[in-house]
Amino acid sequence: MGKKFTIFGYPVEHSISPKMHKFAIDGFNLEATYSKTLLEDGTKIKDIFLREFDGANVTVPHKEIAYRLCDEVRGVAKEIEAVNTIVNKNGKMVGYNTDGDGFLNSIKDFKDIDTVLILGAGGTAKALATVFKQSGVETTILNRSKERLTPFLKRGFKAFCWEEFLPQKYNLIVNTTSAGLQNSTLPAPEDTILKTLKKVDFLADVIYGKETPFLHMGKRFDIPTIDGSGMLLHQGVLAFNLFYENRFDLGEITKYMKKAFIS
Ligand code: NDP
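One structure accompanies this document, and this report is about it. (Residues numbered from 1 in each chain as written. Predicted model: local features only at pLDDT ≥ 70, side-chain atom pairs only at ≥ 80, totals over all residues. Heavy atoms only, no water.)

**Focus: helix α5 (residues 99–106)**
- Those residues of α5 that fall on the buried side of the exposure criterion are Asp99, Gly100, Gly102, Phe103 and Ser106. The buried residues of α5 occupy an angular sector of 160 degrees when the element is viewed end-on, so they sit on one face.
- Looking at the buried residues of α5, the elements they touch are α3 (63–69), α6 (123–134), β10 (172–175), β11 (202–205), β12 (225–226) and α10 (229–243). (Buried < 20%, exposed > 50% of the residue type's maximum accessible area, 1.4 Å probe, protein only. Helix = DSSP H or I, 4+ residues; strand = E, 2+ residues; numbered from the N terminus. Arc of directions from axis to C-beta. Contact = heavy atoms within 4.5 Å.)

Here it is as structure tokens:
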């Protein structure tokens, strides 16, 4: 019998993970299916997962609850305290987080990144800050509200709310807020962004499928930019290999999964 994979989310209809994984499954001639599981109550993930699936991705809003339900958590997920990938290992739910490393793989063309400014202080910011720190990159957080800064300050990051912030020079600025996803809002006050854009080398956004006002502004300054589709692709590549005990070549998985973005 083939393997069964799914993505848990609420909502989940928009997800292109099934398409990405299907291209990889077909590319390697594997016998497997990948479905979407719409689930409002995240506490049910473990029972459904262990009963029905070999591996799964977890998306908004269930990454933290899935982390807490895992029998074992491996790698950087332990520090992020959220999982986006779960694997059924002999009836045990083992969790990983591939978001941060997926993002790092997506910015490989951006060279000499020593300093980063992360806009936002939510789950994605935490994943990115954790892997930047592990890679020795000096990381600063800038967020609209002060409350969310506490976990970052506790972990030793420089972290500011809008009112406290004095812009410096950064090699990379990443927008991890949802500003610009469904509106034309910028992720920080316009004059703050303008000041940072004058000194920055590269810009990235984790939002994909549209050009955010933030990236649009960067392009006007001729700054190299990248949107969130690379992160989506590479977190999926790493997740797929975890489903198959790292049997495959990441380059080959990438080649197959990329097809989901052009068809
Ligand atoms: P969270 O809800 O955990 O955090 C949202 C953050 O955005 C908070 O810091 C919040 O600030 C800030 N924010 C929201 N609206 C605004 C606004 N109008 N102006 C300024 N700041 C704002 O979200 P996630 O981290 O889970 O997701 C963030 C984004 O990442 C989403 O757009 C999601 O689609 C994307 N994403 C992309 C992935 C990919 O593979 N490319 C993977 C995962 C997520 P405050 O504290 O002030 O409320």
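**Details of the pattern of salt bridges**
- For the coordinates displayed, the defined rule picks out 12 salt bridges.
- Between aspartate 99 and lysine 63 there is a salt bridge whose closest N-O contact spans 2.8 Å. Within this pair, whereas aspartate 99 is found in helix α5, its partner lysine 63 is found in helix α3, the two being separated by 36 residues in sequence.
- One salt bridge connects glutamate 72 with arginine 74, and the closest N-O pair in it is separated by 2.7 Å.
- Relative accessible area serves as the criterion here: at 35%, glutamate 72 is assigned to the partly exposed category.
- On the basis of relative accessible area, arginine 74 is assigned to the partly exposed category, the value being 32%.
- Several salt bridges share partner residues, and in doing so they unite Glu81, Lys126 and Arg155 into one network. (Salt bridge = Lys/Arg side-chain N within 4 Å of Asp/Glu carboxyl O.)

**Structural notes on the site of the ligand**
- Near the ligand you find 24 residues, and of these Thr124, Asn143, Ser145, Arg148 and Val206 are the closest.
- The side chain of asparagine 143 places a nitrogen or oxygen atom 2.8 Å from an oxygen atom of the ligand.
- Within the backbone of leucine 232, an N or O atom sits 3.4 Å from an oxygen atom of the ligand.
- Look at the ligand: alone it shows 940 Å² of surface, and the protein chains cover 79% of it.
- Here the ligand occupies the largest pocket.
- Classifying every residue of the shell around the ligand by side-chain character gives 10 nonpolar, 11 polar and three charged. (Near = heavy atom within 4 Å. Polar contact = N/O pair within 3.5 Å; in protein donor to acceptor, adjacent residues only side chain to side chain. Areas by Shrake-Rupley, 256 points an atom, 1.4 Å probe, with all protein chains shown as cover. 1 Å grid on protein atoms, 1.4 Å probe; cavity = no way out; pocket = protein on both sides within 12 Å on 5 of 7 lines; lining within 4 Å. Sits in = over half its atoms within 2 Å of the grid points. Nonpolar A, V, L, I, M, F, W, Y, C, P; charged D, E, K, R; others polar.)

**Overview of helix α11 (residues 250–257)**
- Of all the residues in α11, the buried ones are Ile253, Thr254, Tyr256 and Met257. Down the axis, α11 shows its buried residues gathered within 165 degrees of arc, on one side only.
- Structurally, α11 contributes buried residues whose contacts are with α1 (17–27) and α10.

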